[in-house]
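Residue-level structure breakdown
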Amino acid sequence: MAIQKKHGKGRLDKWYKLAKEKGYRARAAFKLIQLNKKYGFLEKSKVVLDLCAAPGSWCQVCAETMPTNSIIIGVDLAPIKPMPKVITFQSDITTEKCRATIRSHLKTWKADTVLHDGAPNVGTAWVQDSFNQAELVLHSLKLATEFLIEGGTFVTKVFRSKDYNPLLWVFNQLFTKVEATKPPSSRNVSAEIFVVCRGFKAPKRIDPRLLDPRSVFEDLADPTPNNEAKVYNPEVKKRKRDGYEEGDYIQFKEIAASEFIQTTDPIAILGQYNKMSFDQPKNGDVALAALDKLPETTQEIRNCCADLKVLGRKEFKLLLKWRLRVREIFGFPTKKIEKPALVEEVAEVENMDEEMRIQEELQKMKDKESSKKKKERRKENEKKQKDIMRMQMNMTAPMDIGMEQDGPRGEGAMFRLKTIDKTNAMRQIAKGKMALLKEKEAQAKKDHDSGIGSSGETDESEDEEEDQLERELDNMYDSYRERKAEIDAKYRAKKARQEHDDEWEGVSASEHGDSDDDDEELEEDSSDDSDDDDESPDAADKPLIKDLDGTSNQNGLSKRASNFFNQDIFQGIPGLLDVPSEEEEEEVEEDDEVAEVEAVEEPEEQEASSDDDIPSIAEQKRQKKAKAASKKKEKEKKEKNDFEVVQAEEEDSDWEEKEKRTKDSKPDIDIITAEAMTLAHQLAKGEKTSYDVVDDGFTKHAFKDKDGLPDWFLDDERQHDKPHKPITKAAAVAIKEKLRAYNARPIKKVAEARARKKFKQAQRLEKLKKKADLLVGDEGMTEKEKASTISKLISSAGRTKRKAPVKVVKAAGANRGIMGRPRGVKGRYKMVDPRMKKEMRALKRVAKKKR
Ligand SMILES: C[S@@+](CC[C@H](N)C(=O)[O-])C[C@H]1O[C@@H](n2cnc3c(N)ncnc32)[C@H](O)[C@@H]1O
């Protein structure tokens with residue numbers, strides 16, 4: 001083994017520099033760091049015993065890595081400079097004194113980990129050194145067995161020599177897991193290797209022979225040198241960790257080439273020797289001389305024989321062939337060399353450098369990947385949040401959110417309806433939204449028919465995903481509205497107004513959908529319509545997406561158009577929705593008059609019909625005819641009996657009752673908007689007629705189809721897509737004046753208080769009057785007395801009653817800390833304490849200063 005110079009350049013490697021940089025006392029620190037990185041024993045340890053600790057770099061690592069308030073004890077032959085959090089002392093670990101000192105420091109504690117990095121001064125006599133080292137290891141193990149806790153860890157440095165295997169055997173007897181490893185910071189040229197023994201068995205009795213160097217190192221037979229490995233696989237260079245083999249202390253060995261020819265074990269010679277010589281010995285060797293002269297002994301053979309240690313497999317083969325030929329020439333018996341099975345006894349210690357490097361690289365790649373994913377996720381979340389914010393600020397429509405990416409629509413999305421639908425649970429889940437979904441389906445159909453979005457994506461899964469997305473958006477919008485309503489009173493008021501306004505807007509399809517009853521009915525309807533479903537193979541899979549109102553595509557008209565023409569105003573106009581038969585036409589003509597009456601009731605009727613099972617057009621017509629007939633009868637009755645007319649009016653004008661009316665029973669209309677005021681002015685001045693007003697009503701806004709549109713969209717439309725009505729300056733001024741007058745009015749509470757006051761005054765006056773009347777009637781009093789008594793009564797009535805003063809009660813003594821009324825105190829009272837007094841004074845001071 002090459003002897004290394006203590007301060008050779010090789011020693012000042014990167015670990016040395018790194019140790020200097022990091023302030024470790026020795027580069028050995030990194031060995032422990034790397035061992036701990038692999039096995040992680042320090043983090044779990046509360047007590048560590050560091051045997052052979054000088055100069056103390058392992059102790060430094062322990063102090064850094066172990067939990068705070070851990071106990072670290074370092075011992076060495078050499079003095080260790082004191083360091084924080086570490087107990088150090090100087091002692092020989094092989095002595096009883098050292099054992100006792102450790103005991104005195106540990107008291108009753110047990111060590112979780114025992115470290116041993118001891119090494120006697122290596123270099124002079126390797127065999128002796130290695131033996132001492134092995135012995136030192138055994139001594140450290142002895143201490144470990146005494147101080148280690150059950151399940152504890154023992155880490156020791158071992159030199160690979162013939163004592164290595166016996167040591168491993170001993171470790172295996174005492175620990176459940178024994179692993180040998182060479183950390184990257186340990187030099188390759190060094191024969192040191194670290195054995196990490198985990199899971200101390202803590203046997204009650206340990207056979208003393210197990211820790212006795214003599215019996216441990218003598219028990220096992222020496223292994224025979226593996227020459228085959230050296231010859232047949234010379235390229236795999238064995239690291240010089242074994243040191244010298246037993247009895248093999250000479251570094252350079254030479255043998256006569258003739259010996260190689262004669263020997264029965266040529267492999268041993270090739271493996272053990274450095275050179276095969278052709279030099280004649282002093283007393284001469286005939287065989288060698290003959291061999292030297294043989295033509296087979298070529299220059300190449302001679303070169304190979306000159307240095308066996310540098311030969312490769314090819315050269316060894318050449319030498320062996322040469323030997324066989326020479327043996328034939330010399331007449332030695334030849335037998336083919338049986339190539340022994342290559343038993344690689346070299347048992348190279350796994351190259352931890354490489355392994356660690358690969359692991360580190362893998363870890364780096366993993367870290368990189370996960371941080372990249374995290375970044376992406378964060379970005380995605382930020383974007384979503386931004387989108388929602390933008391939506392809340394009305395900067396974007398919710399449909400834009402998440403549309404650019406797979407998101408909830410993608411494969412494996414969390415709430416995919418596809419999987420739910422397989423279990424037929426979708427029907428139940430969507431129960432509440434059935435009507436809405438059906439409307440959506442109808443809308444989709446309509447869109448498809450009219451060519452909108454005719455990309456052919458009517459795929460079932462697409463629909464489900466879209467439904468899901470819409471539901472999510474609806475939910476988001478609902479929660480946004482709730483939140484806004486919570487914090488914004490104005491918004492609440494606006495919403496309430498809107499709802500109130502909506503009541504007068506007539507009936508919209510979405511309103512029907514809101515009623516639970518409707519949903520249920522619609523569901524029943526869906527089952528009725530199952531005939532249609534059966535026709536399409538996919539129908540069973542689409543129980544949610546069905547048009548049940550039956551209004552789409554009637555007579556080739558779009559749903560919106562058919563809705564429009566379904567209004568009563570168009571009833572009786574032949575050829576509009578369907579071509580009625582002649583009989584029907586006649587009936588319609590007959591009913592023309594009745595239709596006028598019907599028109600008044602339009603909203604109610606429409607609502608009623610929508611609430612029902614949504615009959616077909618023909619059915620609607622039948623119903624209408626029946627109603628018309630009954631109306632006709634009613635009309636006839638009315639003509640006969642005036643009393644019944646009143647009754648009918650009452651029934652019909654249920655909603656009108658709510659409307660305020662003036663004394664002369666004209667509607668009391670309160671104009672509160674500038675638009676309405678403008679219109680009123682125009683009507684009053686004759687600039688506009690009622691026909692113009694009706695005509696103006698027919699705009700794109702009048703017949704907006706709100707079917708199946710989400711709330712957020714309708715809200716947005718309401719806000720931004722409303723008709724702009726003209727306002728005149730005069731109307732604006734009038735409204736302003738009106739508002740000013742409103743604002744000038746006292747608020748309700750004040751008005752009520754004033755009224756109460758007035759009422760009380762009136763009561764008092766009444767009382768006074770009565771008393772005065774009595775006095776006037778009293779004959780026993782003179783006029784003067786009467787006058788003075790009445791004037792006294794008047795003045796006392798004008799005086800307000802003085803309230804009883806508030807009694808101040810000090811919260812001290814018996815009153816300290818009491819809750820409620822203190823004992824013996826009647827009437828109004830106020831509890832005070834010294835702190836209150838101080839605070840009052842302080843407040844007064846502050847107020848005074850401010851002045
Ligand atoms: C490689 S150094 C230890 C380095 C130490 N682990 C560190 O991190 O600084 C080996 C130490 O073993 C110590 N040593 C050798 N034989 C010893 C013994 N019988 N008792 C105590 N220490 C011993 C030597 O004094 C030497 O300081």
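Residues numbered from 1 in each chain as written. Predicted model: local features only at pLDDT ≥ 70, side-chain atom pairs only at ≥ 80, totals over all residues. Heavy atoms only, no water.

Some details on the packing of helix 12 (residues 299–306) against helix 13 (residues 313–330)
Viewed as axis vectors pointing N to C, helix 12 and helix 13 meet at an angle of 115 degrees, and their least axial separation amounts to 10 Å. Read as a crossing pair, helix 12 and helix 13 show a hand that is left-handed. Contacts from Glu300, Ile301, Cys304 and Cys305 in helix 12 reach Glu315, Leu318, Leu319 and Trp322 in helix 13. (Axes fitted to C-alpha atoms, helices over the stretch in contact; angles between N-to-C directions. Helix = DSSP H or I, 4+ residues; strand = E, 2+ residues; numbered from the N terminus. Left-handed = near helix turned anticlockwise from the far one by under 90°. Contact = heavy atoms within 4.5 Å.)

Considerations on the pattern of salt bridges
Evaluated as defined, the whole model comprises 19 salt bridges. With a closest N to O distance of 3.1 Å, Asp117 and Lys157 form a salt bridge. On the criterion of sequence distance, the pair formed by Asp117 in the loop between strand 4 (111–116) and helix 5 (126–147) and Lys157 in strand 5 (residues 148–159) is long-range, its members being 40 residues apart. For Lys157, a relative accessible area of 7% translates into the label buried. Its salt-bridge partner being Arg835, residue Glu839 comes within 3.4 Å of it at the nearest N-O pair. (Salt bridge = Lys/Arg side-chain N within 4 Å of Asp/Glu carboxyl O. Buried < 20%, exposed > 50% of the residue type's maximum accessible area, 1.4 Å probe, protein only.)

Section: the UniProt feature "binding site: S-adenosyl-L-methionine" (unreviewed entry) in the chain
The sites that carry the UniProt feature "binding site: S-adenosyl-L-methionine" (unreviewed entry) are, in the present numbering, Gly56, Trp58, Asp76, Asp92 and Asp117. With near-sequence residues (within four places) excluded, Asp76 lies in contact with Cys52, Ala53, Ala54, Phe89, Gln90 and Ser91. Within the structure, Asp76 has its side chain in polar contact with the backbone nitrogen of Ala53 (distance 3.0 Å). Take Asp92: it is sitting in the loop between strand 3 (87–90) and helix 4 (96–106). Ignoring anything within four residues of it in the chain, the contact list for Asp92 reads Leu77 and Cys98. Separated by 2.8 Å, the side chains of Asp92 and Thr94 make a polar contact. (UniProt positions renumbered as here; feature names shortened; annotations may be inferred. Polar contact = N/O pair within 3.5 Å; in protein donor to acceptor, adjacent residues only side chain to side chain.)

Some details on the packing of aromatic side chains
Two measures describe an aromatic ring pair: the distance that separates the ring centres and the angle between the ring planes. Overall, the coordinates contain 11 aromatic pairs when judged by the stated rule. Between Phe154 and Phe171 the ring centres are 6.0 Å apart and the planes differ by 65 degrees, which places this aromatic pair in the edge-to-face class. Here Phe154, found in strand 5, pairs with Phe171, found in helix 6 (residues 164–174); they are 17 residues apart in sequence, far enough to count as distant. Ring centres 6.2 Å apart and planes at 20 degrees place the aromatic pair Phe260 and Trp322 in the stacked group. Of the two residues, Phe260 sits in helix 9 (residues 257–262) while Trp322 sits in helix 13, which places them 62 residues apart along the sequence. For Phe260, a relative accessible area of 0% puts it in the buried group. Members of the aromatic cluster, each reached through a chain of ring pairs, are Phe154, Phe171, Phe175 and Phe200. Residue placement shows Arg160 over the ring face of Tyr164; its charged tip is 4.7 Å from the ring centre. Over the aromatic face of Phe278 sits the side chain of Arg302, whose NZ or CZ is 5.1 Å from the ring centroid. (Phe/Tyr/Trp six-rings, centres within 6.5 Å; stacked < 30°, edge-to-face > 60°. Lys NZ or Arg CZ within 6 Å of the ring centre and 35° of its normal.)

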